[in-house]
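Working through the structure, step by step
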Amino acid sequence: MSNSETPPANPRNQDITFARRALVLQGGGALGAYQAGVYAGAHERHKEVDWVAGVSIGAINAALIAGNAPERRIDRLKEFWYLVSSGLPQQLPSWAGGREWQNQFSAASAALLGIPGFFQPRVTPALLLGANAPLLSYYDTEPLRATLERLVDFDRINDCGTRFSVGAVNVRTGNSIYFDNTVHRIGPEHIMASGALPPGFAPVHIDGEDYWDGGIVSNTPLQYVLDTHPRDESLLVLQVDLFSARGAMPRTLGETLERQKDITYSSRTRMNTDALASNMNLQQAIADLMAKLPPQLRDDPSVAAVRAELTHEPIEIVHLIYRNKPYELESKDYEFSRASVEEHWDAGLRDIRHTLDHPELLRQASDVNGVTTFDLTDPQSRRVRHPMHAPAVAHRPPRAQR
């Protein structure tokens, strides 16, 4: 929350746009330019963000945001996305064939030659051994380390002015972990670990353990944010996802591969968000019902303790899902052409502007706590889901004993 903004005195009936703000960024490779466009549009009206959480490319965008002063963040995001789309194969002129052909050429070039400032192929005879090669990846991500060290101020991240969390997976245990600047001292290796998707990228060694891309277990950090957010603080979440769980029936082999990737990496986007919201709303409804118990039961220490665990201040989740897919193929997550990067950025900018054009929908004071979810990007099909309201309970006098 900006230091210049003072929240209303009563948090239970407050304008939710004064709440603590969290930005939640899914993984998705080259599609991550959409997240940068979303942030650019949000930054136009709300300069501050209190917490940034990301996985994979979302972790890189999160580092560029949290690791720079607010007035420099857009420039740093632009610098990164222009760098990774600056290779000659990514900048073919418009007359050099149709867009689908250009996108295929860009993706094939990325696979063969790598991406500037991001990754480069390993050139070694060991690859001739195929699956028996004594290697853990096809690409070297040292160029990404150099890019992060140049564009991100890690001292700023570790000063904890903005909370910062990135998800990874322990290769040995298979367990998910979040590197959080309230717990860990963050360096380039933590962001690289969050984006180390095998077998393309090698695991990253940190403090005696090796880590892969967090998207292997969960491609969105929403649950981590909701689980660790203090229950006594209101929260406004801007959740930006890059794969849509919903889509048309494929007609070709290429569309089949693209659809499979959407389903795999969407983390069942909307369903999981709705499930998390429903679970928290049910907890809150139970807490509200417990408040209606007779005083001798309501004030019992065990009942009060359970009620406290089930109660939380209002949470609003504004959900943006990248759905604009012109000329996209199954390689869309490693297709870094300049034209595609700019289209993704512009789509994010457009979608967040559509959302913020309706601030009245985000200022719905409620007399009960709970989770409200919004999907407002499509003017023709806006979707708002409110928390359940516990019904009033009339206390009846006990029956006379016969």
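Scroll up to find the structure this text is about.
Numbers given for residues are sequential positions, taken from 1 along each chain in its written order. Under the rules for a predicted model, residues below a pLDDT of 70 receive no local features and side-chain atom pairs below 80 are neither given nor counted, while totals for whole chains, interfaces and linings still include all residues. As a rule here, side-chain values come from all non-hydrogen atoms in the structure, and water together with hydrogens is ignored.

Moving on to the pairing of strand S6 (residues 176–180). Where strand S5 (residues 163–170) lies against S6, 5 bridges are found, and the strand directions are antiparallel. When the sheet's bridge partners are listed, glycine 167 is paired in S6 with tyrosine 178. Counting the residues between successive antiparallel strands, the hairpin from S5 to S6 contains 5 residues, one of them, glycine 174, with a positive phi of roughly 75°. Should DSSP find at least two bridges between two strands, the strands are taken to pair. We count a stretch as a helix when DSSP gives it H or I for four or more residues in a row; a strand needs E for two or more, and each element gets its number in order from the N terminus.

Walk down a regular strand and you will see the side chains alternate between the two sheet faces. Only protein chains enter the calculation, and the probe is 1.4 Å; a residue is then buried if its accessible area is under 20% of its type maximum, exposed if over 50%, and partly exposed in between. Along strand S9 (residues 235–241), 7 of the 7 residues are buried, which leaves the element largely enclosed by surrounding structure. Neither face of S9 is exposed, since Leu235, Val237, Gln239 and Asp241 on one face and Leu236, Leu238 and Val240 on the opposite face are all buried. Pairing between strand S1 (residues 20–25) and S9: 6 bridges, direction parallel. Its bridge partner lying in S9, leucine 25 is registered against valine 240.

In plain words, nonpolar cores are sets of buried Ala, Val, Leu, Ile, Met, Phe, Trp, Tyr and Cys residues tied together by side-chain atoms within 4.5 Å. The biggest cluster of nonpolar side chains holds 68 residues, and the ones touching the most others in it are Trp81 and Phe118. Grouped together as the second largest cluster of nonpolar side chains are 17 residues, Val24, Tyr178, Leu222 and Leu226 included.

With respect to the helices and strands, isoleucine 206 occurs in strand S7 (residues 204–206). Of the residues examined, isoleucine 206 reaches a relative accessible area of 5% and is grouped as buried. For the pair isoleucine 206 and glutamate 189, spaced 17 residues apart in the sequence, the C-alpha separation amounts to 7.3 Å. Note on definitions: a residue-residue contact is assigned when non-hydrogen atoms from the two residues lie within 4.5 Å. The contact partners of isoleucine 206, leaving out residues within four places of it in the chain, are Phe179, Glu189, His190, Ala193 and Tyr211.

So, on to the pattern of salt bridges. Only one rule defines a salt bridge in this text: a Lys or Arg side-chain nitrogen within 4 Å of an Asp or Glu carboxyl oxygen. Scanning all chains against the criterion turns up 16 salt bridges. In this structure, the salt-bridge partner of aspartate 262 is arginine 259, at a minimum N-O distance of 3.8 Å. Remark: arginine 259 and aspartate 262 occur in helix H9 (residues 253–265); sequence separation between them is 3 residues, near one turn of the helix. Taken as a pair, aspartate 262 and arginine 259 share a single burial class, namely buried. By sharing partners, the salt bridges in this structure join Glu258, Arg259, Asp262 and Lys332 into a single network.

Another aspect to go through is the packing of aromatic side chains. Classification of ring pairs rests on two measures: the distance between centres of Phe, Tyr or Trp rings, Trp counted by its six-membered ring, which must be within 6.5 Å, and the angle between planes, read as stacked under 30 degrees, edge-to-face over 60 and tilted in between. Across all of its chains, the model carries 14 aromatic pairs by this definition. Judged by centre distance (5.4 Å) and plane angle (10°), the ring pair of tryptophan 101 and phenylalanine 105 falls under stacked. Here the residue tryptophan 101 and the residue phenylalanine 105 both occupy positions in helix H4 (residues 99–113), the gap between them amounting to 4 residues, near one helical turn. Given the relative accessible area of 45%, tryptophan 101 is considered partly exposed. Through a chain of ring-to-ring contacts, three or more aromatic side chains come together here, namely Phe80, Trp81, Phe118, Phe119, Tyr139, Phe201 and Phe336.

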